[in-house]
Structure formats: C-alpha cells, structure tokens
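# Commentary on secondary and tertiary structure
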Protein chains: 2
Amino acid sequence: MVNQRADVGWQSSKSDSSGVSNSGESSKESSRCSTPVLDTDRTDRLRDKMKRRIESGDHWFSLEFFPPRTASGAVNLISRFDRMGSGGPLFIDVTWHPAGDPGSDKETSSMMIASTAVNYCGLESVLHLTCCNQTKEKITAHLNKAKRLGLKNIMALRGDPIGEDWVEEDGGFNYATDLVKHIRCEFDDYFDICVAGYPTGHPEAESYDNDLRHLKEKVDAGAHFIVTQLFFRAETFLRFVKDCRAIGITCPILPGIFPIQGYHSLRQLVKLSKLEVPEEIMQVIEPIKDNDAAIRSYGIQQAVEMCKVLLASGEVPGLHFYTLNREVATIEVLRQLGLWAEDPRRPLPWAVSAHPKRKVEDVRPIFWASRPKSYIYRTQDWDDFPNGRWGNSSSPAFGELTDYYLFYLKSKSPKEALLQMWGEELMNEGSVYEVFTNYITGQTNPSGHKVMCLPWNDDPLAPETNLLKDELEKVNRRGILTINSQPNINGKPSSDPIVGWGPAGGYVFQKAYLEFFTSSENVTALLQVLKKYEPRVNYHIVNVQGKNITNAHEMQPNAVTWGIFPGREIIQPTVVDPVSFMYWKDEAFALWIEQWAKLYEDESPSRMIIQYIHDNYFLVNLVDNDFPLDSCLWQVIEDMFATDQL
Amino acid sequence: MVNQRADVGWQSSKSDSSGVSNSGESSKESSRCSTPVLDTDRTDRLRDKMKRRIESGDHWFSLEFFPPRTASGAVNLISRFDRMGSGGPLFIDVTWHPAGDPGSDKETSSMMIASTAVNYCGLESVLHLTCCNQTKEKITAHLNKAKRLGLKNIMALRGDPIGEDWVEEDGGFNYATDLVKHIRCEFDDYFDICVAGYPTGHPEAESYDNDLRHLKEKVDAGAHFIVTQLFFRAETFLRFVKDCRAIGITCPILPGIFPIQGYHSLRQLVKLSKLEVPEEIMQVIEPIKDNDAAIRSYGIQQAVEMCKVLLASGEVPGLHFYTLNREVATIEVLRQLGLWAEDPRRPLPWAVSAHPKRKVEDVRPIFWASRPKSYIYRTQDWDDFPNGRWGNSSSPAFGELTDYYLFYLKSKSPKEALLQMWGEELMNEGSVYEVFTNYITGQTNPSGHKVMCLPWNDDPLAPETNLLKDELEKVNRRGILTINSQPNINGKPSSDPIVGWGPAGGYVFQKAYLEFFTSSENVTALLQVLKKYEPRVNYHIVNVQGKNITNAHEMQPNAVTWGIFPGREIIQPTVVDPVSFMYWKDEAFALWIEQWAKLYEDESPSRMIIQYIHDNYFLVNLVDNDFPLDSCLWQVIEDMFATDQL
C-alpha cells in the first residue's frame, strides 16, 4: 500500500544571498536555570547534542513523519511517537504541507503535530518550513508561533512552486537560502536550522556542482546541519559527503534512509523525487511486486546493508529515516543495526517534556503518572516549573480539563472497543469491579475481550505495577478500584530495568503508594483502621464534592520517589502533593463520566451505575512512609475489610 | 563568691496609659516561606511556642544571663550559651545595663550578647530594655537595631532611676507600660513582649493591689507574657498568679527561680531587690555561710522542692532561672526536675540559627561543620538562604573572614593553652602530624597536655567522628591531616543517638566524607589512584593559590547528608558544594597562619614550619558516593601510600 501522503522530505531548494543580522532575540533559558539538571541532553540544543555524539563516536538516528489527514490519524500518530520515541531517536521531524493549512491549530497541521511531539511526547523535534509563495510576514508569524509552542529546530526548505514553472519573485523567498537568512535575521541564534542536501544533485539544479554550491550557500547563511534526500547506494552518499567537504562544508551531513516498504510507495516516491531506482534493485522488486511482505523484507535487508556501509565509513554520525509514518520496517532496520534502544535509560521516572520552558522540570505529582499528557496540558501556562522541591506557594493553579476531545488527550481506543472492554451493559457496581480486576489480571472478560485500558490508564499495566499484580487483583475484586500504585523500593541500583532511572551509579527509592476509588462504607471503616497506622501512613480521602479528609502535615508535599546519584543533589521527581491532589480529584472523577458513562445512553442502567459511583465513591490515596519495611498498605486494606464486617 | 554584677532581672516598674496604634511595620517573614520546614518550632514566635507547649502540657524552662564585663568573659559566656543551649531552654534572656553602653557594638554590650545568642548560638532570646531617663528616639533606635540583628523578643522594664529619688518626666518614659505602648506603637506586632511581675508587690508600689493593677496595665498595653521577680516560697507565687487571674490577666506567668548559690550573692541580691529572705532559709544558711559547697547544695535542694510544688500546681507552664551566668546549680536543678534535655533531638544535623531571616535555612556546605559561627558570620548579609537545594546561581558571595578577633569566632582557649597543646616548639612537619594524631586519639602529648582543639575544630572530636577514630589516627600519623569527616550511613532511624536528626519516624543517610591537608607528593599519588575510583569518588583538591583539581560534575553540589521523613519532601541539609569550597579554602588555609603560626615569633623555626605547610600543602576533600557499601576512602588513602612508595 502507498502511504496517504508520499512526503519524502522536501522537494526543492534554490539559493541566493542576503545580509544576516542579529535581532537580539536570543535564548535566555540557558542562563535562567539554577537547577542541577539530570543530564546535559536535557538542556543542550540539537546542534550541541550532535556535537557531543560525534565526539564520543556514538551513532544516532532520527525519524521523519508527515502530518496525518484525519483526527484519528493524529491520535494514532501521537501514540506512534510514544512508541518510536522509546527507541531513542535523537530527533524527529515533521514535514510541512502548504496545502494542509500547516501553521494552523488544526489537529492535523504540521505545527500542531510537531508541537505535540515536543510538548506531549518529549521528543526533540524539527519542524519543516517551506517558503516559496509566502510573504515574509507569514513566515515570521509561523516562526513566532513555533517558538511560542516550544519548537527549537527548523528544516528550512524552498518547497514546491505552484504550477509547473518556477518564477522568481522580487522580495519574496525564492530559495531555501533566503529562508535560512530570514530565520537568522529575525531570530538570531534561537533556532537550530537544518537544510536539505541532494546526493545526486537537485532535479532542478543546472548541475551537480552548481547544486553543491547552493548547499554551501545555505550552510554559510546559517544552517547547522544537513539531511539528504534519499538514495539507493551508499557510495552515492559517500561521494556527496566527500564533495561537500571539498568545498568547505563542515557541518554534520545526515543520510536520508528510505527502507523500501512496498512497490507502489516506491513508484510514487520515485516520481515525486525524480530519482532513479538502480537496476539491481528493480530487478529484485519487479518479480515480487505483488508480495508486500517479500518487498518489505527485501527493503529491510537492503537498508541494513547500506547503513552498515555508511556507518563503517566513519563519515556518518547519524542516520535519518523516512518512516512514511510506519513503524515496522524502520524499527527492524534499527534493531539489526543495534541502534534501537531496547531498554532506554530514563532520566527521570516520568517522560520529560522537550519544551525548552520545561527543561528544568524535575518534580511532578504522582497523580498524573498514567496521564502525563493531561498533566502537561493542564500546566502548559505555568511560567516556572517546580524543580527540586514542590513547595506550596510555588504550585500555581492548574488549567481546567474540559477539552477531553483534544487529540493528544484522547483514548487510543474507539468507542466500540471501549464498550467491548468495559461492558456493553453493566449490571451493578460489581460489573465495574470486574472491569478493574480484568484490567489488572489481563484475563478476558465474559464477552471475550481483554481490558487493555481504563479511563485513568490508557495503556496496559506498567511493568512496575506488575510487581503488585496479585495484591491489586485481590483488592479490586472487592471494590478497591485502584487507578495508581507503586511498590516501595529501598535503594535499588539506578540501572534496574524495572524501577531504575537517572544517571549510572545511583540508587533509587520509593515509598509504597496506592490510589483507588471506593465506597463510602469502606471509607468509614478505613478511617477507623488508619488511626492504628499513624504516622506511618499518610492519606488523603476526597469525594466529588471535595470533602477532604487527610492527616497530611500542613499541606506539605510528600516525596514518594527519589534518587541518590554520584556528585549530585538528591533528585525527588515524584511527590504526593495535597494541593494538586484537589485538582487531580476533579479530573479523576470527571473521567468516570467523560470516558465511561457517556458510552451509554442517557438514563440507561449502565450509565446510572457509573453516575452512582461518580457521585458516591471516594478517591483515596495512601502512602506508606516506612519504605525500608514491607508495605503495610495491603494490611491496611485487609484491616479495613475486617472492620467492615464488624 | 558573689557574681560580678548582681543583676537579678529588673528593679522597677510603674505604669500609666496612652494610645496604642499600628505603625504598619509588621512581620513579613511568615508569608514568604515556601519551604517545608522541619518543625513549627523553627517558624513560630515565642508566644506561639508557649501556646503549643501549654496546650500539650509540656513544661519548659528559660535562662537569664547578664552581659559580661570583659572580652574574655564574652567568649566564655558564648560557649556557656552553647552548653546550656543543648539542654533545651525555650528561650534565654539578656539583661540591660544602662551604665554599660548596652546598645553598642561592644562585645560586652547587652545588644551584642543577645544578638550572638540568636545568630551564632541559635537560641530564642529575649533582650531586656529599660526606658527611664531615655528619649523615645534612643529607645526606637535600640529597637530598630535589635530588629535588624534578628531579635524578636523584648523584656520591657522601667529600670532604675538615676539618683535616689524618683521624678516623673514629662514626655519621657516613666513606667514600663510606656515602653510597652511605645513598642507596639512603633513596631506593631513585630516583637514579643515580656513584662515583670512582683509576687510580693514592687518595692516602690503603694500597695500589692496597686502593683497588680500596674501589671494588668502592662499586659493590656500589649505584653505577651510575664516573668516574675524571684521569691522563696511556692505559695507566694501561687497566690500571686491567683490574684492576677482574678483581675483578668490571662497571659502566661513564669516564676523567676533563684537557686541560692552562695551567702554573699544572696545578701547582695536581697539588698538590691528589697526582698526578705524567709526565716526558715536564713536559719539553714547562717550556720554554713562560709561553706560554699554546702550552701549551693542546699540551694539546689530548696529550688528543686519549690519547683516541684509549682509544676504540680498546674499553674506553671515553665520555669525561669536566674543563672547568675553560672551553670552548675541551674543544670542540676533542671536535671533533678527532668527538664534538662540530656539527648536533645536535632532538627537538622547542624545547629539552626534563631535569626528570623534564617528560619527557612535547611542546607549548608559541609566545610563549616566544625565552624558554624564562622559560616553564619560569612553569610550574615545573604538575603535568602538556600533551602532544599543549593543551586549554583543561588549561592551568593561569602563575606571575607578577616575578623578573627571577633569574640564569637575566637578560640575558647588562650594562647598559653594553645601552645601547650600544639607545641611550644615544632621540630618539623612530623611535629604537626603528631598534634593532629593526638587530637584524634585524645592522648597526651610529650609535654603532658591533651590536644583538645585544632584551628579548624574548637571542640573535642564529635561522637560521630569518633566512629572513624582508628582509621583517622592511622592516616593522620602519616601526614593526612584530617579536619573534617563523616562516616557513610545507609538509612539509620532519625532517632539514632549519634547520627540521627529530624522528625520521628524518619531515616537518615550520609555519604562518607573526608577532608584533609596533605603534601603535594601525596596529592600526585592520590590523583593517580583516584582514576581507579571514577565515578564512585568525587574529589576537590586545591592549594592556597587556588589551583583546583576536581572531577565534580559541572560544579553541581553533592548532597552528602539527607533524611527521609513521613509526609515530607526529602531534606538534604549538607552538601559538598564546589563554589563554596573555594571560599572555605581561603579560610581553611588562613587558619594555619592566623591561629597557629602567629603563636610563634616571626622567623622562628616553628612559624616557618607552619608557613611551609600553608604554602605547599593541598586541601583535599573526598566523597564516596556509594553510600550503601563500606566506605572506600580509607582504601583510597592506602592505595595512595602504596603508589607513593613506587
């Protein structure tokens, strides 16, 4: 099959020259940060990251995507970002579609997709931008918006002219070089700029040499690195690099890799990019053109072999993949090359946002652990991010979460799938307990479906939560509807595959945490029981009206995850914070209605059951402060049931 | 013997009334603090502390001192503050001496002594202030100065008139009530105000009832609590309290306790205070008037019995002791009453300053661990105290330490004692090694003296350092001249008597730390060896010129002491901070010269030996980051010596 939009990078580039001046609009973030950050990767610019990786000989890869056509395509692409992001790309890039309102706020726009990748998926992202047939004002407006959204990198392209023939415009942008100069002129050093290189020369260029000179001009105008158009032979790229170096181009040059994934997509691509597929490839492909699996398998093998030659040459610091928005082939190539991070080191227990404003962020409330995008959304307007310590006065108001429709907050599963998982028809509260229990156990429900998500957890159980599986199953069965939990950890190495995070040579710790909905009867018994566990257990118990019962000390945050590392201050990235719990409470209760009750007809019994739980249950969180001992929280629940039965 | 100045509180008080208004000069500190503080004791005002202690039925004691006559008396008094402060007084108070330039910057002034108690000894302090024969401007100036110095509590007294007869002044202060009103008028609620009560009526009062009414006026004018003149029978005080309550005085009334310590001091006191000593006491004392020990023993017994009656009455929340600047009798009375804190809980590993500006302070560099007063002095001008995390940008410049003569920074030992400890004559560097070794072991040196202090440690070895005694002895003998160290601790209860600190139910941790001077030859070998210990061991190595060798990461502070407590963020009160190390380095090297070399004649061999060490040795600090394992720092030193010998 052919991808929806066969966007392989950018198509054209011409260049001329004009003066570059400073606008004084330089980055202030770097001097602002007073925080011991976890790793320089979080504060460096893309160019610096590349520099360090080149110096250490550590090869990287990057991934190119195009914006989706539909809203559900956007939801899918975002979860693809999450999955492919876990493999450790140095950056991703998002192509620009002049015809698709690329700078708008539509969920399918290039701008929004790139912004979501940065802000919600934590990916270093490069936004493409084409300049032909655009006014300077329009381009500047796009760049300002990109900056405001936290984008720091631009791929500067000419773009395709409208119509067949190319007519130079006076005062407009005629070449990518104009755009590079404009960016540097208006934004000084703020953006890292990438430009396109053509290993076989640009199709519209007078000659290969002429095209090389254009490339030199783009770099001289202020570009920081080059990504090339795709090619089919390693030697094509290596000769191109040699030629670039010969005329004084010294910046990184990244080969564009296109794993062949199907006959039609290859054909379309070749047509668009005016490239010739070498005879030796066509000879293999033609006979199997109707066998998608065979072509993909060949494409993977061909790409792996070419990449091996490239990496072995010593001329290639990183590989750039044209993914066509697909996962399998690219991941397989990367796996075979040993570049895919199977077990990525986490700098913090939660995924760090790539927005420059959030660079210093190193503490979050535990409540949003399974809904990080919602947390980012609700705190997007914060000027400062709590770092190191939370502190009551430094936690500004959270934004309302009424925009459940926003594509980056939506469940990955469509309504039908949710109904299959959570029940077409609920009989009573017990039906709900079953859904929670099945989510924990991974068993199929009576209608034969696995419960892969809950309104509070859009993904299957985390490996860490799996450590608590048996206990969780037991209590959910009895109406302790758990939505968040972590085991206690007393000094595991920071390299631990399940609970580890942060730099090497450290130790990580956790206090046991359990958060659940439960009936008011259970809460009455629980409050009795909790008296026995003072001051070992801290609790917050709240219902939808906001009635809040707690033994927390003067509204102080309680650090429940922390790490000790060589030569650093203590990092305490997760807290139970009484103030933000009240914001989370609104969201946690609303999810019953927004994500679950609304699946059913108004006034239907199923809907009324969920509504009843929403109206009457309490949200409870428990922290066992005595982290070196076995968690007592299960015993607390046991005692609660025992009291219940009195 | 009689004390130098028989100041038993205050002598006179009259009252009248005038309007009380608010000047708007209210405390802003309370709203500023965004820090999870360790205990409310640190942020509460004295009146609030009393309130909480009364509510919890937790009896307290307080101690009255008078300013010394001489500079060396001041040094002695400050170290008495340290010793008596460890017993846990709720506050101390310092009397006011109109004849002794009490508001000046002299080291013997009331103002300076009270300021030192607050700032350098961390004691909640009450400054006495008398108003007769003073202009309002002068009084306001004293109060402003007190506020600036961090004093928050004033004992408002009339004071003794000059000459025999009492003449009311128009527009002046004629009564303590005038002073109370003035304080409230000019400083609103800033100061906690104490006033004097006379259980047998003021000697100048027309009548007992009239005097009670004066007291009521003082309280109504804005005083927060009452301390009484001394008395000899419990019933005297209890009747007084009853009478006070009867006329509507509701604030705390603290009995002034005077343990009889000698015949002459009692006589002088009686004369000054115009009190009568009861017959039953005189009958005991007269026969033993030349036997100091017997009188003191009787005084202790008498005070204990009276205090027991007072405490048992339920009318007495706390006891106020007239110490006459002596320790033994008061401590013994408190011990027998069970009020002396034998094993005081430390809120932090270091003693917290009582200055309101430093209330939020909860992190310090480890370097000044044995010189906290110097640290406080050098950071006295900071506007904000790093709390929670240190952060490079938040560590402002340190003040110069050139004022070694300041009484609160001086060694407690006179020059002769220092020479006896550190050697009248040094033969070579080895003589210096011996001094360090003897300090560690506690053995006498060849001249028969124990080394009780070093320029970097004015006190004998801390109990915690004692844990490392054997290892320290070994390395000092070989020229690793240790000045600071701590063992690694992997999660001991916060109640641990040696290394514990902070609230109950927590766990404390430490990274092993070692700081020492050593020769450049040793440093060369050490640097070889340290390569093997990357990244486990962090080091900073610097000589007097400031040549700095380190593997510390981007100048980040390294937390070396931290604690995990129920319901709180992680507290990390001690860091190895690369920036402040360079300030400490100057001080640490200067101490060789200022405290040691200068004991000897110019050009003398002894002085030249110390000068040589100062000029050529390096100051080294080592942190073993792997706190769960046995410290590797001793092995590092062993390896260094092994390399030395190659």
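Model, not experiment: these values are computed from the prediction. (Residues numbered from 1 in each chain as written. Chains lettered and ligands numbered in written order. Predicted model: local features only at pLDDT ≥ 70, side-chain atom pairs only at ≥ 80, totals over all residues. Heavy atoms only, no water.)

## Some words on the overall build of chain A
Rules: Numbering of helices and strands runs from the N terminus; a helix is a DSSP stretch of H or I covering at least four residues, while a strand is a stretch of E covering at least two. Residue burial is assigned from relative accessible area. The probe radius is 1.4 Å, only protein chains are included, and a residue is buried under 20% of its type maximum, exposed over 50%, and partly exposed in between. A contact between two residues is defined here by any heavy atoms of the two lying within 4.5 Å. In short, Shrake-Rupley with a 1.4 Å probe defines the accessible areas, and a residue's cover is counted only from the protein chains shown.
Broken down by element type, chain A carries 21 helices and 18 strands. Counting across all 646 residues of chain A, residues that qualify as buried make up 59%. Here the analysis covers contacts within chain A between residues at least 6 apart in sequence; of these, 75% occur between residues at least 24 apart. Of the roughly 25,400 Å² of accessible surface on chain A, 48% is carried by carbon and sulfur atoms.

## Considering the domain arrangement of chain A
Residue and element names in this part refer to chain A. Rules: Delimitation of the domains relies on an automatic or database domain assignment. Throughout, the accessible surface (probe 1.4 Å) given up by two parts as they are put together, summed over both, is called the buried area.
The assigned domain composition of chain A is domain 1 (55-260 + 309-337) and domain 2 (364-644). Spacing between the C-alpha centres of domain 1 and domain 2 amounts to 40 Å. Every contact between the two is made by twelve residues of domain 1 and, on the other side, nine residues of domain 2. Across the domain 1 to domain 2 interface the summed buried area is about 970 Å²; carbon plus sulfur atoms make up 69%. The largest share of the area that domain 1 buries against domain 2 comes from V75, E107 and Y120, three residues that together contribute 60% of it.

## Section: the sheet that holds strand β10 (residues 481-486) of chain A
In a beta sheet, neighbouring strands are held together by backbone hydrogen bonds and run either parallel or antiparallel to one another. Residue and element names in this part refer to chain A. Convention followed: When DSSP locates at least two bridges between a pair of strands, those strands are taken to pair. The axes are straight lines fitted to the C-alpha atoms, using for helices just the contacting stretch, and the angles between their N-to-C directions are given from 0 to 180°.
Strand order in the open sheet formed by five strands is β10-β13-β18-β14-β15, with antiparallel pairing between adjacent strands. Strands at the two margins of the open sheet, each flanked by one partner only, are β10 and β15 (548-550). Along the sheet, successive strands turn relative to each other by an average axial angle of 10 degrees, direction set aside. Bridge analysis of β10 against strand β13 (residues 512-518) gives five bridges, and the strand direction is antiparallel. The residue of β13 that forms the bridge with L481 is F517. Along the sheet face, helix α17 (residues 469-477) touches β10 and β13 and points at about 155 degrees away from the line of β10. Here helix α19 (residues 578-596) sits on the sheet in contact with β10, β13, β14 (537-543), β15 and β18 (618-624), set at roughly 45 degrees to β14.

## What to know about the packing of aromatic side chains
Think of a pair of aromatic rings as described by two things: how far the centres are apart, and how the planes are tilted against each other in angle. To keep it simple, the criterion reads: Aromatic pairs are defined between Phe, Tyr and Trp rings, using the six-membered ring for Trp, whenever the two ring centres lie within 6.5 Å; interplanar angles under 30 degrees are classed as stacked, those over 60 as edge-to-face, and all others as tilted. Any Lys NZ or Arg CZ found within 6 Å of a ring centre and within 35 degrees of that ring's normal is scored as a charge over the ring.
One pass over the full model with this rule turns up 53 aromatic pairs over all chains. Each ring, one from W501(B) and one from F565(B), has its centre 5.3 Å from the other, and the planes form 65 degrees; the classification is edge-to-face. Pair noted here: W501(B) is in the loop between β11 (489-493) and β12 (507-510) and F565(B) is in the loop between β16 (558-564) and β17 (571-576), with a separation of 64 residues, a long-range link. Accessibility assignment for this pair places W501(B) and F565(B) in one class, buried. Clustering of aromatic rings is evident, with ring pairs tying together Y507(A), F509(A), W562(A), F627(A), Y507(B), F509(B), W562(B) and F627(B). When the ring centre of Y190(A) is taken as origin, the NZ or CZ atom of K147(A), which lies over that ring, is 4.6 Å away.

## What about the sheet that holds strand β17 (residues 571-576) of chain A?
Residue and element names in this part refer to chain A. The strand order across the open sheet built from five strands is β9-β17-β16-β12-β11, with neighbouring strands paired in mixed fashion. At either end of the open sheet lies a strand with only one pairing partner, and these are β9 (364-365) and β11 (489-493). By the bridge criterion, two bridges tie β9 to β17 in an arrangement that is parallel. Of the residues in β17, the one forming a bridge with R364 is T574.

## What about the environment of F641(B)?
All names here are of chain B. For F641, the location among the structural elements is in helix α21 (residues 633-644). Along the primary structure F641 and R478 are separated by 163 residues, whereas in three dimensions their C-alpha atoms are 9.0 Å apart. For F641, the residues in contact, after removing those within four places along its chain, are R478, I480 and N522.

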